[in-house]
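# Topology and contacts: notes
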Amino acid sequence: MPINIAMAETLKEMRKKKGVSQEKLAEAIDSHQVYISEIENGKKIPSLLVLHKISIFFGIQMSEFIAALEAKL
(Lines give C-alpha, C1' and ligand atoms only; values in the text may rest on other atoms or scores of the structure.)
Protein backbone atom coordinates (compact mmCIF):
# COMPACT_ATOMS: atom_id res chain seq x y z
CA MET A 1 0.00 0.00 0.00
CA PRO A 2 1.38 3.45 -0.84
CA ILE A 3 2.26 5.61 2.16
CA ASN A 4 -0.23 8.34 1.22
CA ILE A 5 -3.08 5.81 1.29
CA ALA A 6 -1.86 4.33 4.59
CA MET A 7 -1.75 7.87 6.02
CA ALA A 8 -5.23 8.59 4.67
CA GLU A 9 -6.73 5.45 6.19
CA THR A 10 -4.95 5.87 9.53
CA LEU A 11 -6.09 9.46 10.01
CA LYS A 12 -9.64 8.75 8.89
CA GLU A 13 -9.94 5.73 11.21
CA MET A 14 -8.62 7.67 14.20
CA ARG A 15 -10.88 10.62 13.51
CA LYS A 16 -13.99 8.49 13.10
CA LYS A 17 -13.14 6.42 16.18
CA LYS A 18 -13.00 9.64 18.20
CA GLY A 19 -16.25 10.77 16.56
CA VAL A 20 -15.07 14.15 15.31
CA SER A 21 -15.62 15.86 11.99
CA GLN A 22 -12.91 17.00 9.63
CA GLU A 23 -13.91 20.54 10.53
CA LYS A 24 -13.41 19.98 14.26
CA LEU A 25 -10.03 18.33 13.71
CA ALA A 26 -8.94 21.13 11.38
CA GLU A 27 -9.98 23.79 13.88
CA ALA A 28 -8.16 22.02 16.70
CA ILE A 29 -4.88 21.88 14.78
CA ASP A 30 -5.21 25.38 13.30
CA SER A 31 -5.73 24.09 9.79
CA HIS A 32 -8.54 23.90 7.24
CA GLN A 33 -11.11 21.20 6.56
CA VAL A 34 -10.03 21.02 2.91
CA TYR A 35 -6.47 20.13 3.98
CA ILE A 36 -7.76 17.35 6.27
CA SER A 37 -9.90 16.08 3.39
CA GLU A 38 -6.89 16.08 1.08
CA ILE A 39 -4.89 14.03 3.61
CA GLU A 40 -7.78 11.60 4.05
CA ASN A 41 -8.09 11.22 0.28
CA GLY A 42 -4.38 10.50 -0.16
CA LYS A 43 -3.69 13.75 -1.99
CA LYS A 44 -1.46 15.31 0.69
CA ILE A 45 1.00 14.06 3.29
CA PRO A 46 1.11 16.15 6.49
CA SER A 47 4.34 17.76 7.64
CA LEU A 48 5.90 16.66 10.92
CA LEU A 49 4.49 19.78 12.57
CA VAL A 50 0.96 18.91 11.45
CA LEU A 51 1.47 15.25 12.40
CA HIS A 52 2.58 16.43 15.85
CA LYS A 53 -0.56 18.56 16.24
CA ILE A 54 -2.75 15.67 15.08
CA SER A 55 -1.10 13.34 17.59
CA ILE A 56 -1.65 15.83 20.41
CA PHE A 57 -5.30 16.14 19.37
CA PHE A 58 -5.75 12.37 19.61
CA GLY A 59 -3.79 12.17 22.85
CA ILE A 60 -1.12 9.87 21.46
CA GLN A 61 2.59 10.02 20.75
CA MET A 62 3.69 10.61 17.16
CA SER A 63 5.37 7.21 17.31
CA GLU A 64 1.96 5.61 17.98
CA PHE A 65 0.51 7.30 14.91
CA ILE A 66 3.50 6.18 12.83
CA ALA A 67 3.19 2.62 14.18
CA ALA A 68 -0.49 2.53 13.14
CA LEU A 69 0.50 3.85 9.72
CA GLU A 70 3.36 1.34 9.35
CA ALA A 71 1.01 -1.53 10.18
CA LYS A 72 -0.81 -0.73 6.95
CA LEU A 73 2.30 -0.58 4.75
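Structural data are supplied above this passage.
Notes on the structure follow.

The next point concerns the side chain of Q22. Structurally, Q22 is set in helix α2 (residues 22–28). For Q22, a relative accessible area of 15% gives the class buried. A distance of 2.6 Å separates the side chain of Q22 from the side chain of Q33, its partner in a polar contact. Every residue in contact with Q22, bar those within four places of it in the chain, is listed here: R15, Q33, I36, S37 and E40.

To continue, consider the pattern of salt bridges. Under the defined criterion, the tally for this structure stands at two salt bridges. With a shortest N-O distance of 3.0 Å, E13 and K72 are connected by a salt bridge. Of the two residues, E13 sits in helix α1 (residues 3–18) while K72 sits in helix α5 (residues 62–72), which places them 59 residues apart along the sequence. Here K72 falls in the partly exposed class, since its relative accessible area comes to 21%. With a closest N to O distance of 2.6 Å, R15 and E40 form a salt bridge. With a gap of 25 residues between them, R15 in helix α1 and E40 in helix α3 (residues 33–40) connect regions that are remote in the sequence. Comparing R15 with E40 shows no difference in burial state: the two are buried.

Rules of the game
Residues numbered from 1 in each chain as written. Predicted model: local features only at pLDDT ≥ 70, side-chain atom pairs only at ≥ 80, totals over all residues. Heavy atoms only, no water. Helix = DSSP H or I, 4+ residues; strand = E, 2+ residues; numbered from the N terminus. Buried < 20%, exposed > 50% of the residue type's maximum accessible area, 1.4 Å probe, protein only. Polar contact = N/O pair within 3.5 Å; in protein donor to acceptor, adjacent residues only side chain to side chain. Contact = heavy atoms within 4.5 Å. Salt bridge = Lys/Arg side-chain N within 4 Å of Asp/Glu carboxyl O.

Don't take any of this as a statement about function, it's just geometry.
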